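Read off the chains here:
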Amino acid sequence: MVFTAGSALLDAVVLSVVSLEGTYGYKITQDVREIMEVSESTLYPVLRRLQKDNYLETYDMEFQGRNRRYYKITSNGMILLDQYRREWASFKSGVDKILLGIEKDGEK
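Every value quoted in this text rests on a predicted model; they were computed, and no experiment measured them.

Rules used in this analysis
- Residues numbered from 1 in each chain as written.
- Predicted model: local features only at pLDDT ≥ 70, side-chain atom pairs only at ≥ 80, totals over all residues.
- Heavy atoms only, no water.
- Helix = DSSP H or I, 4+ residues; strand = E, 2+ residues; numbered from the N terminus.
- Expected span 1.5 Å × (residues − 1).
- Contact = heavy atoms within 4.5 Å.
- Salt bridge = Lys/Arg side-chain N within 4 Å of Asp/Glu carboxyl O.
- Buried < 20%, exposed > 50% of the residue type's maximum accessible area, 1.4 Å probe, protein only.
- Axes fitted to C-alpha atoms, helices over the stretch in contact; angles between N-to-C directions.
- Parallel < 35°, antiparallel > 145°, perpendicular 65-115°, else oblique.
- Left-handed = near helix turned anticlockwise from the far one by under 90°.
- Nonpolar A, V, L, I, M, F, W, Y, C, P; charged D, E, K, R; others polar.

J.: Mind showing me how you'd approach helix 4 (residues 75–100) here?
T.: An α-helix turns once every 3.6 residues. As a result, residues three or four positions apart point the same way. Between its first and last C-alpha, helix 4 extends 36 Å over 26 residues, near the 38 Å set by a 1.5 Å rise per residue. Check the buried side of helix 4 and you find it contacts helix 1 (7–20) and strand 3 (66–73). Trailing helix 4 by a residue or two, Gly101 shows a phi angle of about 70 degrees, which is positive.

Encoded structure:
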């Protein structure tokens with residue numbers, strides 16, 4: 001991928017992935033990797049920071065004899081995700097206008 005993602009975009013993507021269903025770290029990594037290159041060593045600090053800031057919460061469940069840590073979005077996380085989604089729509093619209101010559105209503 002030519003374009004790099006900033007921390008806000010990575011936060012938005014992680015929150016969105018977790019909001020779809022409570023999930024665990026490795027699965028989150030795989031889902032995020034579908035759209036951007038990210039290593040586990042990059043992703044886990046993001047998960048910890050989002051948890052520390054009360055946007056995610058965790059719980060442990062046994063899976064095949066081992067504990068697996070699951071992540072769930074909090075109500076504060078949903079508020080932040082909604083804000084990211086609004087800002088992304090505006091940002092994307094501006095980029096589309098310049099790069100693709102597309103106006104907001106979809107016409108060139």
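J.: Explanation requested: the pattern of salt bridges in the structure shown.
T.: Close approach of charged atoms allows side chains with opposite charge to pair. Enumeration over the complete set of coordinates arrives at five salt bridges. Note that Asp11 is salt-bridged to Arg49, the shortest N-O span being 2.7 Å. Of this pair, Asp11 sits in helix 1 while Arg49 sits in helix 3 (residues 40–52), and the two are 38 residues apart along the sequence. Residue classification places Asp11 among the buried residues on the basis of a relative accessible area of 6%. Of the charged contacts, one joins Asp96 and Lys92 as a salt bridge, the two residues approaching to 2.8 Å between their closest N and O atoms. In this pair, Asp96 and Lys92 are both assigned in helix 4, four residues apart and thus about one turn of the helix distant. Assessed through its relative accessible area of 40%, Lys92 is described here as partly exposed.

J.: Looking at this structure, how should I read the packing of helix 1 against helix 4?
T.: For any two helices packed against each other, one specifies the crossing angle of their axes together with the interaxial distance. With their axes 10 Å apart at the nearest point, helix 1 and helix 4 run at an angle of 125 degrees to one another. With respect to their mutual orientation, helix 1 and helix 4 come out oblique. In the crossing of helix 1 with helix 4, the sense of the turn from one axis to the other is left-handed. Taking contact as the criterion, the partners of Ala8, Leu9, Asp11, Ala12, Leu15, Ser16 and Ser19 in helix 1 are, on helix 4, Gly77, Met78, Leu80, Leu81, Tyr84, Arg85 and Trp88. Residues belonging to the contact of helix 1 with helix 4 are distributed by class as follows: nine nonpolar, three polar and two charged.

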